[in-house]
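Chain and residue survey
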Amino acid sequence: MAESKGADALVVVDHVEKHYGDFHALKDINLTVDKGEVVVVIGPSGSGKSTLCRTINRLETITSGEIRIDGALLPAEGKGLAKLRADVGMVFQSFNLFAHLTILENVTLGPIKVRGMKKADADKQAMMLLERVGVGQQAQKLPAQLSGGQQQRVAIARALAMQPKVMLFDEPTSALDPEMINEVLDVMVQLAHEGMTMIVVTHEMGFARKAANRVVFMADGSIVEEATPEEFFTNPKSDRAKDFLSKLLTH
């Protein structure tokens, strides 16, 4: 799949390397994600999944190689980077909401400041998005008044408010209590069905089976294999993947 650099390629990661001092975090990563595709990245801890996710909007710099978003090269810094970053929504483990702003203000801040939207329009859009993720009732509350699952759904709404071309999710449910995980995954499944391009780093194999077009398995900083969920979970090719899956299934 990594070869298709056709008109539909939205994210292209091309021969990307990342070093932290002597540590080789990403090794010759090649990945192409097409418009409307949902790619789930899985693998053992320390395999480079989150690092890869964070390089795609330059939260992590890369040592060599290049990354393109919708045909444009990801710049190292400056205005061009801010502009491109606005096209890439990001949802983290921690919700990163502004504690002193209401839920509504958290969601409208980006569109007003970065996209230059009028406050009334931003408020209207934010309310629509908060309703869509099921927290419309909470608009005037502060983040601390919401559960973790609700805060993460607000974080998703906030990312969507920028009308991004692609959404990155870096283990979005790993900080949540078990009973809150599904309420976040349900929103993500719905987004996937609506055609949002998504790159999702997750431990939630059920989500991978349900929503992914493709599973990318990483180990030791490399992409070891890529396949459809069906193929990957029933017939993994590499020993690393077989080992990883057998550990999952026995717990």
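- The protein chain goes by ABC-type polar-amino-acid transporter in an unreviewed UniProt entry, where it is assigned to Microbacterium bovistercoris.
- Under the Sequence similarities (unreviewed entry) heading, UniProt states for the protein chain: "Belongs to the ABC transporter superfamily."
- The record held by UniProt for the protein chain lists under Catalytic activity (unreviewed entry) the comment "a polar amino acid(out) + ATP + H2O = a polar amino acid(in) + ADP + phosphate + H(+)".

**A word on the pattern of salt bridges**
- Here the structure, examined in full by the defined rule, presents 15 salt bridges.
- Salt-bridge contacts for Arg 68 lead to Glu 66; the nearest nitrogen and oxygen are separated by 3.2 Å.
- Glu 66 sits in the partly exposed class, given a relative accessible area of 28%.
- By sharing partners, the salt bridges in this structure join Lys 35, Asp 70, Asp 87, Arg 115 and Lys 165 into a single network.

**Regarding the nonpolar core**
- Counting residues in hydrophobic clusters, the biggest one holds 52 residues, and the most contacted among them are Ile 156, Met 167 and Met 198.
- Here the element with the most residues in this core is helix α6 (residues 178–193); it accounts for nine residues.
- For Ile 156, the residues in contact, after removing those within four places along its chain, are Val 91, Met 167, Phe 169, Val 184, Val 187, Met 188 and Leu 191.
- Val 13, Leu 26, Cys 53 and Ile 67 belong to the second-largest nonpolar core, a separate cluster that totals 28 residues.

**Re the packing of helix α3 (residues 103–113) against helix α5 (residues 148–161)**
- With their axes 8 Å apart at the nearest point, α3 and α5 run at an angle of 25° to one another. The pairing of α3 with α5 is recorded here as roughly parallel in orientation. The crossing of α3 and α5 is right-handed. Counted together, Ile 103, Asn 106, Val 107 and Pro 111 of α3 and Val 154, Ala 157, Arg 158 and Ala 161 of α5 form the full contact between these two elements.

**Re the packing of aromatic side chains**
- One pass over the full model with this rule turns up four aromatic pairs.
- The interplanar angle of 35° and the centroid separation of 5.8 Å between the aromatic rings of Phe 217 and Phe 232 together place this pair among those described as tilted. With Phe 217 in strand β9 (residues 214–219) and Phe 232 in helix α8 (residues 229–234), the pair connects residues that are 15 residues apart, well separated along the chain. Like Phe 232, Phe 217 is buried.
- Measuring from ring centre to ring centre gives 5.3 Å for Phe 217 and Phe 244, while their planes differ by 50°; the resulting arrangement is tilted. One end of the pair, Phe 217, is in strand β9; the other, Phe 244, is in helix α9 (residues 239–250), with 27 residues separating them in the sequence. Neither Phe 217 nor Phe 244 differs from the other in exposure class; each is buried.
- Each member of the aromatic cluster is reached from another via a ring pair, and the members are Phe 217, Phe 232, Phe 233 and Phe 244.

Rules used throughout
Chains are numbered independently. Their residues run from 1 in the order of the written sequence. Per-residue local features are limited, in this predicted model, to residues with pLDDT of at least 70; the limit for side-chain atom pairs, both in listing and counting, is 80 or more; totals at the level of whole chains, interfaces and linings are taken over all residues. Heavy atoms from the whole structure form the basis of all side-chain values; hydrogens and water molecules are not counted. UniProt positions are given in the numbering used here, feature names are shortened, and annotations may be inferred rather than shown by experiment. The term salt bridge refers to a pairing of a side-chain nitrogen on Lys or Arg with a carboxyl oxygen on Asp or Glu at a separation within 4 Å. Throughout this description, buried means an accessible area under 20% of the type-specific maximum (1.4 Å probe, protein chains only), exposed means over 50%, and partly exposed covers the range between. What we call a nonpolar core is a set of buried Ala, Val, Leu, Ile, Met, Phe, Trp, Tyr and Cys residues that are connected through their side-chain atoms within 4.5 Å. The secondary structure listing takes helices from DSSP runs of H or I that are at least 4 residues long and strands from runs of E that are at least 2 residues long, numbered from the N terminus. The criterion used for residue contact is that any of the two residues' heavy atoms lie within 4.5 Å. Axis definition: a line fitted to C-alpha atoms, limited for helices to the stretch in contact. Angles are taken between N-to-C directions and run from 0 to 180 degrees. Should an angle fall under 35 degrees it is taken as roughly parallel, and over 145 as roughly antiparallel, whereas 65 to 115 is taken as roughly perpendicular and any remaining angle as oblique. By the definition used in this description, the sense in which the near helix is turned from the far one sets the handedness, with an anticlockwise turn below a right angle giving left-handed and a clockwise turn giving right-handed. In this scheme Phe, Tyr and Trp rings, the latter by its six-membered ring, pair at centre separations within 6.5 Å, and the angle between planes marks the pair as stacked below 30 degrees, edge-to-face above 60, and tilted otherwise.

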